[in-house]
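One-letter residues, chain by chain:
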Amino acid sequence: MEKHTTRLGGRRISARSLPLYILVIFGLLAVFGLFFLPLWKLVEVAFQEEGRLSLGIFQEQLTDTKTLKVIWDTIYINILSSFFATVIGVVMAYFVAYADIRGKKLIHYALLLPLIIPGYIITLAWMQFFAKSGFVASLVQSVFPDAVMPNIYSYWGIIFVFSVTKYPLIYTLTLSTFRKISTDMELAAAISGCNKIKTFFKVTLPMSLSGVANGLLLVFISCLDNFGTVAFLGIPARITVLSTDIYQSIISFTGGFGEAAAKSVILGVIGVLSSLILWRVAKMFQTMQTDLEDMSPRFFLGRKKILVEILMWLAIFIINFVPMLTLIVTGFMKGIGGGYGLDNMTLDNFIFVFSNDKSFNAIKNSIFLAFSTALICVVLGTIVAYLMVRRPSVLIRVVESIISVPYSIPGIILGLALILTWASPLPIIHVTIYATVFMLLVSYVVRFTSLQIRNSTTGVLQTDISMEEAAEICGATAFKKWTSVIIPLIFPATVSGMGLVFLNALTELTTSSLLWSAGSETLGVVIYNYTSAGYTTSACALSTVVCITILLLVLLYKGVSALLRRRIGEE
Amino acid sequence: MSTEIRNIVMDFNGFKALNDISLKIQDGEFIAILGPSGCGKTTLLRLLAGFNHPTAGEIKIGDQVVANKDYVLPPNERFISMVFQSYALWPHMSVRKNVEFPIKNSKFVSQEIRANCDQRVQELIGMVGLTGMEKRLPAQLSGGQRQRVALARALAVNPDLLLMDEPLSNLDTELRVEMRQEIKALHQKTRVTVVYVTHDQSEALALADRIVVMNHGQIEQVGTPQEIYGHPETPFVAKFVGRSNLIAGTWEGDVFTPAGSAAKWDGSQVAPVFRQSGHYPVKPEHLKVVRSGADGVRAKIYEIEYQGVEVRMMLHGCADQEVLEVRYRGTETYQVGDEVVLTL
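Residues numbered from 1 in each chain as written. Chains lettered and ligands numbered in written order. Predicted model: local features only at pLDDT ≥ 70, side-chain atom pairs only at ≥ 80, totals over all residues. Heavy atoms only, no water.

Colleague: How would you sum up the sheet that holds strand β14 (residues 265-266) of chain B? Please name residues and give values.
Modeller: All names here are of chain B. Reading across from one edge, β14-β13-β12-β15 is the order of the 4 strands in this open sheet, with antiparallel pairing throughout. Every other strand in the sheet has two partners, leaving β14 and β15 (279-282) as the edge strands with one partner each. Relative to β15, strand β12 (residues 245-252) is paired through 4 bridges, and the arrangement is antiparallel. In the sheet register, Ala248 faces β15, and the bridge partner there is His279. (Pairing = 2+ DSSP bridges. Helix = DSSP H or I, 4+ residues; strand = E, 2+ residues; numbered from the N terminus.)

Colleague: Outline the domain arrangement of chain A, listing residues and values.
Modeller: All names here are of chain A. Segmentation of chain A into domains returns domain 1 (20-47 + 347-571) and domain 2 (64-346). Taken together, the contact between domain 1 and domain 2 spans 42 residues of the former and 40 residues of the latter. Between domain 1 and domain 2 the total buried area reaches about 3200 Å² when both faces are included, carbon and sulfur atoms providing 78% of it. At the junction of domain 1 with domain 2, the criterion picks out 1 salt bridge. A salt bridge links Arg447 to Asp225; the shortest N-O distance between them is 3.1 Å. Listed by contribution, the elements that provide at least two residues to the side of domain 1 that touches domain 2 are α1 (18-46), α14 (348-355), α17 (411-422), α21 (510-515), α22 (523-532) and α23 (536-568). If you tally residues by element for the side of domain 1 that touches domain 2, the top one is α23, at 13 residues. Tallied by class, the residues present in the side of domain 1 that touches domain 2 amount to 27 nonpolar, 12 polar and 3 charged. (Domains from an automatic or database assignment. Contact = heavy atoms within 4.5 Å. Buried area = accessible area lost by both parts, 1.4 Å probe. Salt bridge = Lys/Arg side-chain N within 4 Å of Asp/Glu carboxyl O. Nonpolar A, V, L, I, M, F, W, Y, C, P; charged D, E, K, R; others polar.)

Colleague: Talk me through the sheet that holds strand β20 (residues 339-343) of chain B; I want residue IDs and the actual numbers.
Modeller: Residue and element names in this part refer to chain B. Strands sit in the order β16-β20-β17-β18-β19 across an open sheet of 5 strands; the sheet is antiparallel. Two strands in the sheet have a free side with no partner beyond their single neighbour: β16 (288-290) and β19 (323-328). Taking the axes of each pair of neighbouring strands and ignoring which way they run, one obtains an average angle of 45 degrees across the sheet. Note that strand β18 (residues 311-317) and β19 share 6 bridges and pair antiparallel. Bridging from a neighbouring strand, Arg312 pairs with Arg327 of β19. (Axes fitted to C-alpha atoms, helices over the stretch in contact; angles between N-to-C directions.)

Colleague: Residues and numbers for unusual backbone geometry, please.
Modeller: Residue and element names in this part refer to chain B. A positive phi angle, close to 45 degrees, is found at Asn13, a residue other than glycine. With respect to the helices and strands, Asn13 occurs in the loop between β1 (3-12) and β2 (15-25). Accessibility expressed as a relative area gives 86% for Asn13, which makes it exposed. We note that Glu166 has phi near 40 degrees; this positive angle belongs to a residue other than glycine. (Buried < 20%, exposed > 50% of the residue type's maximum accessible area, 1.4 Å probe, protein only.)

Colleague: Which residues make up a negative patch on the surface, and what values go with them?
Modeller: Residues and elements named next belong to chain A. There is a patch of like negative charges on the surface, built from Glu49, Glu50, Glu60 and Asp64. By the secondary structure assignment, Asp64 is in the loop between α2 (56-63) and α3 (65-98). Here Asp64 falls in the partly exposed class, since its relative accessible area comes to 30%. (Patch = residues over 30% accessible without salt bridge, like charges linked within 9 Å, V, L, I, M, F, W, Y side chains within 5 Å. Areas by Shrake-Rupley, 256 points an atom, 1.4 Å probe, with all protein chains shown as cover. Lys, Arg positive; Asp, Glu negative; His and termini not counted. Charge placed at Lys NZ, Arg CZ, Asp CG, Glu CD.)

Colleague: Talk me through the state of the cysteines; I want residue IDs and the actual numbers.
Modeller: Residues and elements named next belong to chain A. Inspection of every chain in the model, using the stated rule, returns 0 disulfides over all chains. Its sulfur unpaired, Cys223 is 20 Å from the next cysteine sulfur, which belongs to Cys547. Looking at Cys223, the relative accessible area reads 4%, which means it is buried. Take Cys547: it sits in no disulfide, and the sulfur closest to it among the cysteines is that of Cys540, at 10 Å. (Disulfide = S-S within 2.5 Å.)

Colleague: Help me get a handle on the nonpolar core, residues and values and all.
Modeller: Membership of the largest hydrophobic core comes to 144 residues, with the highest contact counts inside it found for Ile121(A), Tyr171(A) and Phe178(A). Of the residues that make up this core, three or more belong to each of domain 1 (20-47 + 347-571) and domain 2 (64-346) of chain A. (Core = buried A, V, L, I, M, F, W, Y, C linked by side-chain atoms within 4.5 Å.)

Colleague: So what about the packing of aromatic side chains? Which residues, and what values?
Modeller: On inspection of all chains with the given rule, the structure shows 40 aromatic pairs over all chains. A connected cluster of aromatic rings, assembled from ring pairs, spans Tyr94(A), Phe95(A), Tyr98(A), Phe178(A), Phe200(A) and Phe201(A). When the ring centre of Trp251(B) is taken as origin, the NZ or CZ atom of Arg275(B), which lies over that ring, is 5.1 Å away. Geometry around Tyr229(B) places Lys283(B) over its ring, the cationic atom sitting 4.5 Å from the centre. (Phe/Tyr/Trp six-rings, centres within 6.5 Å; stacked < 30°, edge-to-face > 60°. Lys NZ or Arg CZ within 6 Å of the ring centre and 35° of its normal.)

Colleague: So, helix α20 (residues 478-506) of chain A: which residues are in play, and what are the values?
Modeller: In a regular helix each residue adds 1.5 Å, so 29 residues correspond to 42 Å; α20(A) covers only 34 Å between its end C-alpha atoms and thus falls short of that length. Remark: the principal bend of α20(A), roughly 60 degrees, maps to Phe491(A), with a proline, Pro492(A), within the next four residues. (Expected span 1.5 Å × (residues − 1). Bend = angle between axes of the 7 residues up to and from the residue.)

Colleague: How would you summarise the packing of helix α2 (residues 95-105) of chain B against helix α5 (residues 143-155) of chain B if you had to cite specific residues and measurements?
Modeller: All names here are of chain B. Contact geometry for α2 and α5: axes closest at 7 Å, N-to-C directions at 25 degrees. Relative to α5, α2 is oriented roughly parallel. At the point where α2 passes α5, the crossing takes the right-handed sense. Listed contacts from α5 to Val95, Asn98, Val99 and Pro102 of α2 are Val149, Ala152 and Arg153. Considering only residue class, the contact of α2 with α5 consists of 5 nonpolar, 1 polar and 1 charged. (Parallel < 35°, antiparallel > 145°, perpendicular 65-115°, else oblique. Left-handed = near helix turned anticlockwise from the far one by under 90°.)

Colleague: Pulling in residues and values, what's your account of the pairing of β20(B)?
Modeller: Residue and element names in this part refer to chain B. Burial analysis of β20 places 4 of its 5 residues in the buried class, which makes it a mostly covered element. By the bridge criterion, 3 bridges tie β16 to β20 in an arrangement that is antiparallel. Residue pairing for β20: Val290 is matched across the bridge by Val341. Sheet analysis places strand β17 (residues 297-306) next to β20, joined by 4 bridges and oriented antiparallel.

Here it is as structure tokens:
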């Protein structure tokens, strides 16, 4: 058989091409400028007084009793919230992992609801639930006329809302840890004479402590990061934590950002310290586990099964559904306090939400921002993830670390850092994007690229390198290799990352609350503004629209990924 | 088209995975590269594929240099194909799409094959016995069937060189023997040049025209299966292929006398390296065991394992405590602790 013998091409190893070098250097500069420079500026501002290096602002802040109370309140609220979130999360995880209850999948998804619905919407919902003359209050008062609803604008209110919104972080981590504990370990304890309770405290719990500690860390950090809940509940009650304190110093701008920057550094240090402590604790408890999750039930409740099921559903119903229902009902009300008859119900709030300039702008902006952030992040994140897995080097590790910082610090710090960097026009081209919707785009990309890298990395790791090598051997060019092998194979993990970025960007509040301006409102900002201005019914209507959109998107994603999995023939 | 490997060195941060390897592979030949894990055999294969580039030396396919220390032709620019240890079938493509991929993408495929792509795919799928399964996805196939798809894909473009990286190691024993036969039949049918990497000597002996035995990044011996098995040229080959005992003693011309005895063994076929070191290589199944009365190597049994057709004995030589292995097929019953005499 005649074979072609003309062979061209080939690649010199020693001399990489000049355009590639320029591209790499340009990319590094862009990463450095976007992700690192703002935080550097923030630290610089915090450690400066009258143009000189100084610890003056810190000295001032750390001796000010007001600031010290803020720091103390932050730690106090976070520790108690983490504790209660842990109790809810571990108990739920234990029953879902081990008991033979029915409808586990449904229970599981219902428990995850607070992960996909933004915290400030859930807070708004609880505000309606506990409202003095609200729907629930009037129900309770029809039975007990003297009953008074507890005041949600208080320390306990904040701790309560944190616990019921943050427990899924503990729940998911503990659930997988519980399932990874080998059944044999528990059987061995039983053979050695332990009953169920003893087995739990002597074997199961000690072996899952590292998972719990990791979850605890996530909750603590997530509470530090939180702005919506503490702003909604704390500001009316004059309870201030670091994130709201920083926010207030920024918006009541009085000649300089030094104070806000210093408080940001303090908040960052608290975050890093607590991470280090809990990370050490988690390491201490690290035990051997099987890698596989054992999904089969491990204890049988017998006659008590129905009781446990009712209790779990009741808890889920109260925690995750009733407040959302009061939110929706409030969205349909003509006015607060006008009763709950059909005569006080209206669609006007929803019509208002779609016809009002501010909220319509917000819907437009948030959708635009969510789409463009997801697209930019998926390209950037997947490139970094691919290089990290396939061409590991010190350089790419540094790049990944720089990109991951803005995601792991509280959003309020990032917001301030971006103000400090972008408020003045860009050098050379003299363009200012500050106070436009593009400022928000930059901030979302900076914040969420790390999230995409994590998901894309999973995708690349799941794809064996031989898949790519086989394509090369079969004659595929680099382009063909990406389009017909790599992209289809990393698609599921990449798209789930994209979905997460999309949802996060769609409902972002913390950095947006600092960076928005007239014309570049976002959904989070408008809901926040309506709420603080007392337009509760409009805020609830817009929140309802947002929640329904999110649920539809999640269902769509679930449906599409199930279809995709079937196509690849996985179980 | 012949392939030539000249003085190849592969250095991974100071670790020499390959050290001065030279080998010429003839057109149509089936070469097995045999060695323990870590000997560099897979590295050599990956250099032939173009996944890595050598630290020094040169590789030529036909009369074209495909790699040297500062130049490498990427895999898609070489007219080669490969069967991976993990098969590397793309899970999102059907059997047909997997086999069709190289025909659609390789720039070296002949006009004739490209023009009759569908027919060619059908022919290949038939050749590996998977007719009717064209639309299945890899996840819906058994291990043996996946192996066949990988073979069909590798043969699709009729390459200059077919590389196989331990292709049978993921199959169970029975299927392995069956696939071995099929690979042999496919080679005889297509006469494609094959470089087959394995650590299993029975695969190498059964399949190859020539075997290259490698150890520690170097070639120990190149030869036909008969030469490698029957006439090892280095102590490593003697031990690795056929588990030979190296019995110590003295040489006088072609005659060998084991230490501590007066026996005279004929050693006209033994390679010079053994004569120099004063050893005689002998396979476990070639040693006879007697209780006494003959002159030979005296040894004491310390382990006996009944294996059905034969009895595997492990012994310590009485002269130097050397570990010896014997495969005994006689009828006499021995016990651990018995002292025996081993003869040729």
